[in-house]
Amino acid sequence: MFSRTTNTPFVCARCIARQRRLYSSKGTSPPPPPPPPSGAAKLTNRRLISLHGDEAPKFMQGIVTNNVRAESTAGFYAAFLTAPGKVLNDVFVYPTLGSNWHRDVNGDEQPGYLVEVDADTADMLLKHSKKHKLRSKFKLRMLEEGELDVWSKWSEEERWTAHTQGALENGLLGLVDGRAPGMGQRILLPPSSQQAPPAELDADEAPLGAYTVRRYLRGVAEGQKEIPRDDSLPMNTNIDIMGGIDFKKGCYIGQELTIRTHHTGVVRRRILPVQLYPHGSQPPEALAYNPDAAAESAEDGTDIRRDDKRKRATGKLITSVGNVGLGMCRLEQMSDLTISGEGSSFSPDDRFLIQSADGHELGVKAFVPDWMRGKIREPKIQRRVE
């Protein structure tokens, strides 16, 4: 296709963005050190959108994948979908009524929510929400940078559960990150005037990279880079098994295909944690992060292929840091999971590889975390009635 005003080829903005995502360089910054057993990381790559007013719960119920109860103060994980059921944004939703922030900013008893979203797509989500708001009676705005900071706090010695979700003690806003075991808590706090993290966290500050590594080790994708807009179904990105979809709730945008896929379809591709290792050496037996293990990096979006003569593609590397990352994998080709009546073609002797940024080959192995293995359903076998 050519431009009308010039004789040069026309390329749409979506194609340009996709090319940048697939072929951009990772840069030369060194991988972060291994994450500490406990700590708190400020998530500077996240933004907050405020909804406040009488009809905010009704609006949220019709536009996100999880169930929104007007009387509940419990925060939750969810997603915004397109009409055909593709993921627009993965989000956390915080009910604000009863919190110090709601009292100081809104000063009334009307319901309100803060929607935490990837900073790169926050403006697009705001426009998407305004388009569907119509005449609904609530106020919608983007919080200014620095109005509230998003923190992730974790401790390997503590186990928070979904039963403890909701407003934290002393009127703080937060929730338990229940996407995978060990993800800890998310807490919203005003900026601290000191260099140290806010006293409410009661934890040492860790870099954002530590939080990222912890996500990768658990197979948890997040944000535009790892969950591209309008590119995948929520089941492909594990939003269903991470508690982000209520399959019993009423209608919402994108529900039809989501429900049909859940009940009758087969999810052949899912995001799994992967580990890179030198090609030709023995694959790792257990997933472990080592920032010095991978001397060469791989470009995001690189095909994962079988290490044989045909080298057929079995997935894509979504992203990586050090020697670990996330891959969109065909489950019955790269893991021992059985998700269809056809059965798995995977063998423990199978090997897979990718091309590094320098054109060399790197071995790659996908792992199925225990929490994920227990939630992915096996196909139902129909028995013949005699």
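Conventions and cut-offs
Residues numbered from 1 in each chain as written. Predicted model: local features only at pLDDT ≥ 70, side-chain atom pairs only at ≥ 80, totals over all residues. Heavy atoms only, no water. Helix = DSSP H or I, 4+ residues; strand = E, 2+ residues; numbered from the N terminus. Contact = heavy atoms within 4.5 Å. Areas by Shrake-Rupley, 256 points an atom, 1.4 Å probe, with all protein chains shown as cover. Polar contact = N/O pair within 3.5 Å; in protein donor to acceptor, adjacent residues only side chain to side chain. Salt bridge = Lys/Arg side-chain N within 4 Å of Asp/Glu carboxyl O. Buried < 20%, exposed > 50% of the residue type's maximum accessible area, 1.4 Å probe, protein only. Pairing = 2+ DSSP bridges. Axes fitted to C-alpha atoms, helices over the stretch in contact; angles between N-to-C directions. Patch = residues over 30% accessible without salt bridge, like charges linked within 9 Å, V, L, I, M, F, W, Y side chains within 5 Å. Lys, Arg positive; Asp, Glu negative; His and termini not counted. Charge placed at Lys NZ, Arg CZ, Asp CG, Glu CD. Phe/Tyr/Trp six-rings, centres within 6.5 Å; stacked < 30°, edge-to-face > 60°. Arc of directions from axis to C-beta. Core = buried A, V, L, I, M, F, W, Y, C linked by side-chain atoms within 4.5 Å. Domains from an automatic or database assignment.

Enquirer: Sorry if this is basic, but what is going on with the overall build of the chain here?
Expert: When its secondary structure is counted, the chain shows nine helices and 15 strands. Restricting to contacts in the chain with at least 6 residues of sequence separation, those with at least 24 account for 70%. Counting every atom, the chain has about 20300 Å² of accessible surface; 48% of that belongs to carbon and sulfur.

Enquirer: Quick question: what am I supposed to make of the environment of Arg103 here?
Expert: Inspection of the secondary structure assignment puts Arg103 in helix α3 (residues 100–105). Sequence separation between Arg103 and Gly171 is 68 residues; the distance between their C-alpha atoms is 9.5 Å. Engagement of the side chain of Arg103 in a polar contact is seen with the side chain of Asn100, the distance being 3.0 Å.

Enquirer: I'm lost on the pattern of salt bridges in this one. Help?
Expert: What the rule picks out here adds up to 20 salt bridges. Its salt-bridge partner being Glu116, residue Arg46 comes within 2.7 Å of it at the nearest N-O pair. Taken together, the positions of Arg46 in strand β2 (residues 46–52) and Glu116 in strand β5 (residues 112–118) put the pair 70 residues apart, joining distant regions of the chain. Accessibility assignment for this pair places Arg46 and Glu116 in one class, buried. Between Glu156 and Arg214 there is a salt bridge whose closest N-O contact spans 3.1 Å. With a gap of 58 residues between them, Glu156 in the loop between β7 (149–155) and β8 (173–176) and Arg214 in helix α5 (residues 208–218) connect regions that are remote in the sequence. Judged by relative accessible area, which is 32%, Glu156 ranks as partly exposed.

Enquirer: Quick question: what am I supposed to make of the pairing of strand β15 (residues 361–366) here?
Expert: Both faces of the sheet carry side chains from a regular strand, because those side chains alternate between them. With five bridges connecting them, strand β10 (residues 269–278) and β15 associate as antiparallel partners. Bridged to Val274 within β15 is Ala366. Both strand β14 (residues 352–355) and β15 contribute to a ladder of three bridges, which runs antiparallel. Following the sheet pairing, Ile354 is matched in β15 by Leu362. Here β14 folds back onto β15, and the loop between the two strands holds five residues, one of which, Gly359, carries a positive phi near 90°.

Enquirer: What exactly am I supposed to notice about the sheet that holds strand β9 (residues 185–189) here?
Expert: Strands sit in the order β1-β7-β9-β8 across an open sheet of four strands; the sheet is antiparallel. Where the open sheet ends on each side, the last strands, each with one partner, are β1 (38–42) and β8. Across the sheet, the mean angle separating the axes of adjacent strands is 20° when strand polarity is ignored. The pairing of β8 with β9 spans four bridges and is antiparallel. Bridging from a neighbouring strand, Leu175 pairs with Arg186 of β9.

Enquirer: I keep staring at a positive patch on the surface and nothing clicks. Help me out?
Expert: Taken together, Arg269, Arg310, Arg312 and Arg330 make up a surface patch of like positive charges. The exposure class of Arg269 is partly exposed, given its relative accessible area of 31%.

Enquirer: Just checking my understanding: could you explain the packing of aromatic side chains for this structure?
Expert: Each pair of aromatic rings is reported with the distance of its centres and the angle of its planes. Scanning the entire structure with this criterion turns up two aromatic pairs. With centroids separated by 4.9 Å and ring planes inclined at 40°, the aromatic side chains of Phe59 and Phe138 adopt a geometry described as tilted. In this pair, Phe59 sits in helix α2 (residues 56–61) while Phe138 sits in the loop between α4 (122–133) and β6 (139–142), placing the two residues 79 residues apart along the sequence. Centre to centre, the rings of Tyr77 and Phe92 are 5.2 Å apart; their planes meet at 45°, and the pair counts as tilted. Placement of Tyr77 in strand β3 (residues 76–81) and of Phe92 in strand β4 (residues 87–95) is noted, with a sequence separation of 15 residues between them.

Enquirer: Hey, could you run me through helix α7 (residues 255–264) in this one?
Expert: An α-helical turn contains 3.6 residues, so any two residues separated by three or four positions project in the same direction. Within the sequence span of α7, burial applies to Gln255, Thr258, Ile259, Thr261 and His262. Burial along α7 is one-sided: seen end-on, the buried residues are contained in an arc of 165°. For α7, the exposed residues lying more than 90 degrees away from the buried face are Glu256 and Thr264. Packing partners of the buried residues in α7 comprise β3.

Enquirer: So what exactly am I meant to see when it comes to unusual backbone geometry here?
Expert: Excluding glycine, residues mostly carry a negative phi; peptide bonds, for their part, are mostly trans. Even without being glycine, Asp202 reaches a positive phi, approximately 50°. You will see that Lys311, though not glycine, has its phi angle at about 50°, which is positive. Secondary-structure assignment places Lys311 in the loop between β11 (303–306) and β12 (313–321).

Enquirer: Got a minute to help me understand α5 in this structure?
Expert: With eight of its 11 residues buried, α5 lies for the most part within the structure. Turning to α5, its buried residues are Ala210, Tyr211, Thr212, Val213, Arg214, Arg215, Tyr216 and Arg218. Positive backbone phi, approximately 75°, marks Gly219, located one or two places after α5.

Enquirer: What am I meant to see in the sheet that holds strand β13 (residues 324–330) here?
Expert: Hydrogen bonding along the main chain pairs the strands of a sheet, whether they run parallel or antiparallel. Overall, antiparallel pairing links the six strands, which are arranged β10-β13-β12-β11-β14-β15 in a closed barrel. The average undirected angle you get between the axes of adjacent strands in this sheet is 40°.

Enquirer: Whenever I open this one, the nonpolar core confuses me. Can you help?
Expert: Soluble globular proteins: nonpolar side chains tend toward being buried together. Ranked by size, the top nonpolar core spans 62 residues in total, and within it Leu114, Leu188 and Ile354 carry the most contacts. The two domains that each donate at least three residues to this core are domain 1 (38–218) and domain 2 (269–374). When residues no more than four places from it in sequence are discounted, the contact partners of Ile354 are Leu276, Ala298, Thr302, Asp303, Ile304, Leu317, His360, Glu361, Leu362 and Val364. Counting 24 residues, the second-largest nonpolar core is a separate cluster that includes Met60, Ile63, Phe76 and Ala122.

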